[in-house]
Amino acid sequence: MRQAACYEQRRHSSILNTTEGPMTEASTTRAPKSDVVVRFAPSPTGYLHIGGARTALFNWLYARGHGGKFLLRIEDTDRERNNDDAVAAILDGLRWLELDWDGDAVSQFARADRHREIANDMLARGAAYHCYCSPAEIEAARDLAKAEGRPQIFLSPWRDRDRSEAPAGVKPTVRLKAPRDGETRVADHVQGDVTFPNKDLDDLIILRSDGNPTYNLAVVVDDHDMGVTHVIRGVDHLTNTARQTQIYQAMAWTVPAFAHVPLIHGADGAKLSKRHGAQGVEDYRSMGYLPIALRNYLVRLGWSHGDDEIMSNDQLLQWFDIDDINKSASRFDFKKLDDLNGHYIRLTNDAELVTRIGDMLAHLNFAELRALAVDAKAPARADVALANEVANLAPGLRDGPALKARLADVGDDKLLAAMPALKERAKTLAELVTGALFLVAETPLRLDDKAAKLIDDEAKATLDAIAVRFETVAEWTAAALETDVRTYAEQTGAKLGKVAQPLRAALTGRAVSPPVFTVLEVLGRAESLKRIGDITR
RNA sequence: GCUCCCUUCGUCUAUCGGUUAGGACGCGAGAUUUUCAUUCUUGAAAGAGGGGUUCGACUCCCCUAGGGAGCGCCA
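Residues numbered from 1 in each chain as written. Chains lettered and ligands numbered in written order. Predicted model: local features only at pLDDT ≥ 70, side-chain atom pairs only at ≥ 80, totals over all residues. Heavy atoms only, no water.

Trainee: Tell me about the protein's contact with RNA strand B, residues and numbers included.
Mentor: The environment of RNA strand B is formed by 60 residues, the closest being R208, G302, K327, E424 and R425. The protein-proximal atoms of RNA strand B, defined as those within 4 Å of the protein, are 69% sugar or phosphate. Contact distances for RNA strand B include 2.6 Å between a phosphate oxygen and a side-chain N or O atom of R486. Looking at the surface near RNA strand B, the elements with two or more residues in it are α4 (135-147), β7 (192-197), α6 (238-251), β12 (330-331), α10 (334-347), α20 (496-508) and α21 (516-523). The residue makeup of the surface near RNA strand B, split by class, is 19 nonpolar, 19 polar and 22 charged. (Near = heavy atom within 4 Å. Polar contact = N/O pair within 3.5 Å; in protein donor to acceptor, adjacent residues only side chain to side chain. Helix = DSSP H or I, 4+ residues; strand = E, 2+ residues; numbered from the N terminus. Nonpolar A, V, L, I, M, F, W, Y, C, P; charged D, E, K, R; others polar.)

Trainee: Please set out the side chain of S513 residue by residue, giving values where relevant.
Mentor: Relative to the helices and strands, S513 resides in the loop between α20 and α21. Within the local environment of S513, its side chain forms a polar contact with the side chain of R504, the two groups lying 2.9 Å apart. Sequence-distant contacts of S513, that is, excluding residues within four places in its chain, are made with R425, R504, T508 and V519. (Contact = heavy atoms within 4.5 Å.)

Trainee: Which residues make up the sheet that holds strand β5 (residues 173-176), and what values do they have?
Mentor: Pairing within the open sheet is antiparallel, and its 3 strands lie in the order β4-β5-β8. Of all the strands in the sheet, the pair left with one neighbour each is β4 (128-131) and β8 (205-207). Neighbour-to-neighbour, the strand axes of the sheet open up by a mean angle of 45 degrees, direction not taken into account. When β4 meets β5, the two strands line up antiparallel, connected through 4 bridges. Across the sheet, the residue bridging to Y129 is R175, located in β5. (Pairing = 2+ DSSP bridges. Axes fitted to C-alpha atoms, helices over the stretch in contact; angles between N-to-C directions.)

Trainee: Now, about the layout of surface pockets: what can you tell me, with residues and values included?
Mentor: Within this model, the largest pocket holds a volume of roughly 1100 Å³. S43, H49, G52, D236 and H237 are the residues nearest the centre of the largest pocket, which is lined by 37 residues in total. Sorting the residues of the lining of the largest pocket by element identifies β1 (37-40), α1 (50-65), β9 (230-234) and β11 (264-265) as the ones contributing at least two each. Considering each element in turn, the lining of the largest pocket owes the most residues, 5 residues, to α1. Among the residues making up the lining of the largest pocket, the classes are represented as 14 nonpolar, 13 polar and 10 charged. (1 Å grid on protein atoms, 1.4 Å probe; cavity = no way out; pocket = protein on both sides within 12 Å on 5 of 7 lines; lining within 4 Å. Points joined across faces, edges and corners; volume = space filled by probe spheres on them.)

Trainee: Outline the side chain of E75, supporting the account with residue identities and numerical values.
Mentor: For E75, the location among the structural elements is in the loop between β2 (69-74) and α2 (84-96). A polar atom in the side chain of E75 sits 3.2 Å from the side chain of R73.

Below, the structure is given as structure tokens:
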């Protein structure tokens, strides 16, 4: 099977020989910072991790804000855990977040020959050597070091031994001949100057015994070949950076600028995992977060611009800088994301929301969502709540596409008409749909407990009386209906709530809903009277 | 164990030695209201602990405690 050199054909040909800069609006571009080139280099794990998403965002903002390039490279040198679906998921995530990259996504694996070439070059110039130690030997040495309380670094005896002494039949690895004395300094835009004593850095393997390059070599060679000027990545790579710096030095290559960003933890301060509710950006899409809201939320995790909270893309491009990123890890707070998302939902026009809802529904599988087992303490997911409500109100709709189709049957105009009322009480697109479910509910409605409580004999009598009036209301609009109901309430001395609540229950099956008069208008006279009749009969 | 990093309201953060330590989310109270929301007003809420340096420290230095990352022929 042919291994593609890159994962996707885009407008440009290979980034490695593309020289023109990307298109960025002049108004949002700062003075070019000596041709910035950054890259996002995820390994194909199957989804775009939320922390990776922020790293990508930081890179993207830095590149676009400086009129530079934002490149993509897939770190797929480990063939065992690589597959095309995993890569596609990451690209999908980036596209959904609206982070566009320049050129094609480069496959690191496809560049193995080049990596080997450099390894041989290093061998030739005495910057690397063959090591004939077996994995078992190395492990034993490390165990001993650990037992004796020494640093767990492995000092290969082959560093100074001649190849002629090599045991027969053993395929050697190639190790970097790292300096033993002095220290290696990493000048980092986030972490500051961090120095590592060279005695604590062992000779890392750059070529496996099977001849394949390792990550640390590949990264350096690729970053160098791609002309990367700024490496923005997670702090988990900081120690690697010291070793990678030694490779740059061995090759006499220019060391790029570094910015190691802190990690994102779950609400409890622990590493983000499945039990926190969501790891991949696809989960956030499923829950109905808007890309712009997620971006705004993520950029504020570890970075700030004074007291600014809600920032436009243009402002971010203008303001974002790696020097302003904090060093400490932060915790993911769904409540704040919800607030931002609600804000952006209210800012988005109704037609676009309808479109976005359609996009979201196309991806939802209700059975899967309802089966989603997350930690009880994890925040409730809006998409799961939606799936549950669908099961209650419209059990015939098995998945998102079915709901989408049903909504289309009812008419986009109805959803659109309800949108102003819906959007100010929703934090997510999923909540928007949950609120709109009365449109597609199967009748006769199954009232939930709270709604059922609102329907007693008195309420039924009221509904009967109201139904009679509704038969003849001249204009079926929210305003006219409200006037009519208010008139009725005044005439009978009833509080408006005494009429509105039973009406709400009869029309939506719920004690909470968008304003009843809006519900009436959107449902239409026939459907409204039918639902009221279902209750009183 | 070794190396490196971090520590301001519950959470995200502002503060470039001098502030009543500010903002946002969340939480409490109130107003608006047909439910729920939205919106508005308002309240409570923080410099981990201990030493220095300084006229003055959240801010600089040291120690302690707590937390995190790394220590692979993974990336």
